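Coordinate analysis (summary)
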Amino acid sequence: FFLFAYFDFRISYVDVLANRDFKRGFFFFNRGFYQASINFFKKAVEKKGDFFLARYFLAKSLYYTGYKDLAIWEFRRLIKDKIGNVSFLKNKLSFI
């Protein structure tokens, strides 16, 4: 007697679009074009609100462009929503 576990590995179209925007934002982030990366990270977060990496790099991009208050707000939002490693985020926030 075997039990077969069925897993649904289909990816939603919204996830695909959010990942595309994140990759574009990450491309600009790695090249130092933080303002451009903010736009793409925001698009990714709008499509998928619990996308940790998009929100994390959005906060970092905001910080690097001088929007320190918005970066702190975004880090606090990640902590409040308990998305990602909360102790890591609290530690990161303490250095800002």
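Coordinates for the structure precede this section.
These notes cover the structure that comes with them. All figures in this text were calculated on a predicted structure; none of them were measured in a lab.

Once that is clear, we can look at the environment of K92. Among the structural elements, K92 can be located in helix α5 (residues 86-94). Along the primary structure K92 and I72 are separated by 20 residues, whereas in three dimensions their C-alpha atoms are 9.8 Å apart.

This part takes up the environment of F40. Here F40 lies in helix α2 (residues 34-47). Taking the C-alpha atoms as reference, F40 lies 8.4 Å from K23; in sequence the two are 17 residues apart. If sequence neighbours within four positions are ignored, F40 has contacts with D21, R24, G25 and F28.

This next bit is on the packing of helix α1 (residues 13-30) against α2. Look at α1 against α2: their axes get within 8 Å of each other, and the N-to-C directions meet at 165°. Classified by the angle their axes make, α1 and α2 are roughly antiparallel. Pair α1 / α2 crosses with left-handed handedness. Counting all contacts with α1, which are made through V14, L17, A18, D21, F22, R24, G25, F26, F28 and F29, the residues of α2 involved are Y34, A36, S37, F40, F41, K43, A44 and K47.

Below, the discussion takes up the packing of aromatic side chains. As enumerated under the stated definition, the model contains 18 aromatic pairs in all. Taking 5.7 Å as the distance between ring centres and 10° as the angle between the ring planes, the aromatic pair formed by F28 and F40 counts as stacked. Taken together, the residues span a long stretch of sequence, with F28 in helix α1 and F40 in helix α2 at a distance of twelve residues. The exposure class assigned to F28 is partly exposed, which follows from its relative accessible area of 25%.

Reading the values: rules and limits
- Residues numbered from 1 in each chain as written.
- Predicted model: local features only at pLDDT ≥ 70, side-chain atom pairs only at ≥ 80, totals over all residues.
- Heavy atoms only, no water.
- Helix = DSSP H or I, 4+ residues; strand = E, 2+ residues; numbered from the N terminus.
- Contact = heavy atoms within 4.5 Å.
- Axes fitted to C-alpha atoms, helices over the stretch in contact; angles between N-to-C directions.
- Parallel < 35°, antiparallel > 145°, perpendicular 65-115°, else oblique.
- Left-handed = near helix turned anticlockwise from the far one by under 90°.
- Phe/Tyr/Trp six-rings, centres within 6.5 Å; stacked < 30°, edge-to-face > 60°.
- Buried < 20%, exposed > 50% of the residue type's maximum accessible area, 1.4 Å probe, protein only.

By themselves, these figures tell us nothing about what the structure is for.
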